[in-house]
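Chain and residue survey
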Amino acid sequence: PGATVRWADFGAVTLGRTGRFRAPVRGLVVNRAARRVGPLVVVAHLSYPGCPGQVFAFPCPNGRAPLRLDAGMAYLGVALARAGYAVLIPDLGPLYVGADIDRPYDQRVGFARTVAALVARARAGARGESTRWGGGLRGRIAPGGLAVIAHSRSGPVALATARTWWHSRHPVRSVLIYGGALEPGDRGVGGSPPPPPDVPVLALVGTEDRDTDWMAAAG
């Protein structure tokens, strides 16, 4: 109650030098049920096995259905939508199947291209254009920049995207990282660059979860 969740699939992006890896461009948008414009927030989930049996793979072996990690973040999208935001949650599970952030393809490039495609289509829907999100996004997303909430692997990837998009039409205005896979000096996993100086970043890490260590405190 109080929020509407929309799902859509927009094809795929091709990554790597040979262009052999394809990651789907899909996810969900969550808005307040009442018609009201809201600033856009992208919620980026962690790197986690996207196939049954704790398997990192895409597509999943033996034709098994993938685990949709974006769906697991829908509860946060609903909570943010009720607070007045428009929320975009991309499915990044297939993109994060590689253990390394930059091999055999660059996950930072994949993140930027995937999120850019989804943001463009969400904003098109907000302008009243026909998209696979359906017709309910018209006038629901505020123009301009966006904020990013990122967990674990998405932390350093989001920082790189904030720098890449700084001079775009829709720059990242702020970043919140919780339990981020960051290294001292704000350079991130695989040497991801820090965001521009004018982008505020807050990195949080719990001390009682017995899971994520001190790394995000370096942010």
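Computed from a predicted structure; not experimentally measured.

**A closer look at the confidence of the model for the protein**
Overall, the prediction assigns the protein a mean pLDDT of 87, with 89% of residues at 70 or greater. Confidence drops under a pLDDT of 50 for residues 185–190, and excluding neighbours within four residues, the segment shows 22 contacts in the predicted structure. In the model, residues 214–219 has pLDDT below 50 throughout and makes 16 contacts with residues more than four positions away in sequence or in other chains.

**So, the packing of aromatic side chains**
The geometry of an aromatic ring pair is captured by two quantities: the separation of the ring centres and the angle between the planes. Going through the model one piece at a time under the given rule, you end up with 2 aromatic pairs. Taking 4.4 Å as the distance between ring centres and 5° as the angle between the ring planes, the aromatic pair formed by Phe-21 and Tyr-105 counts as stacked. Taken together, the residues Phe-21 in strand 2 (residues 21–32) and Tyr-105 in the loop between strand 4 (86–90) and helix 3 (107–126) connect sequence positions 84 residues apart. For Phe-21, a relative accessible area of 16% puts it in the buried group. Taking relative accessible area as the criterion, Tyr-105 reaches 4% and is therefore assigned buried.

**Quick look at the side chain of Ser-47**
For Ser-47, the position within the fold is in the loop between strand 3 (38–44) and helix 1 (69–72). With residues up to four places along the chain from it excluded, the contact list for Ser-47 reads Phe-56, Tyr-96 and Arg-153.

**As for the nonpolar core**
Soluble, globular proteins show a tendency: their nonpolar side chains are buried together. Leu-88, Phe-111, Trp-133 and Leu-146 are the most contacted members of the largest nonpolar core, which has 43 residues in total. Counting residues per element, the ones that place at least two in this core are strand 1 (3–15), strand 2, strand 3, strand 4, helix 3, strand 5 (141–151), helix 4 (154–164) and strand 6 (172–178). Once residues lying within four places of it in the same chain are set aside, the contact partners of Leu-88 are Leu-28, Val-29, Leu-40, Val-41, Val-42, Val-43, Val-115, Leu-118, Val-119 and Trp-133. If you look at the next biggest cluster of nonpolar residues, it comprises 12 residues, including Val-43, Met-73, Val-87 and Ile-89.

Parameters at a glance
In every chain, residue numbers begin from 1 and rise along the written sequence. Residues qualify for local features only when their pLDDT is at least 70, as the model is predicted, and side-chain atom pairs are given and counted only at 80 or more; totals for whole chains, interfaces and linings, by contrast, use all residues. As a rule here, side-chain values cover all heavy atoms of the structure and leave hydrogens and water aside. The pLDDT value expresses, per residue, how confident the predictor is, ranging between 0 and 100. Between two residues, a contact is recorded if the distance between any of their heavy atoms is within 4.5 Å. Two aromatic rings from Phe, Tyr or Trp, using only the six-membered ring of Trp, form a pair when their centres are within 6.5 Å; if the ring planes differ by under 30 degrees the pair is stacked, by over 60 it is edge-to-face, and anything between is tilted. The helix and strand labels rest on DSSP assignments: H or I over at least four residues marks a helix, E over at least two residues marks a strand, and numbering proceeds from the N terminus. Here's how the labels work: a residue is buried when its accessible area is under 20% of the maximum for its type, exposed when over 50%, partly exposed in between, all with a 1.4 Å probe on protein chains only. Residues enter a nonpolar core if they are buried and are Ala, Val, Leu, Ile, Met, Phe, Trp, Tyr or Cys, with the set joined through side-chain atoms within 4.5 Å.

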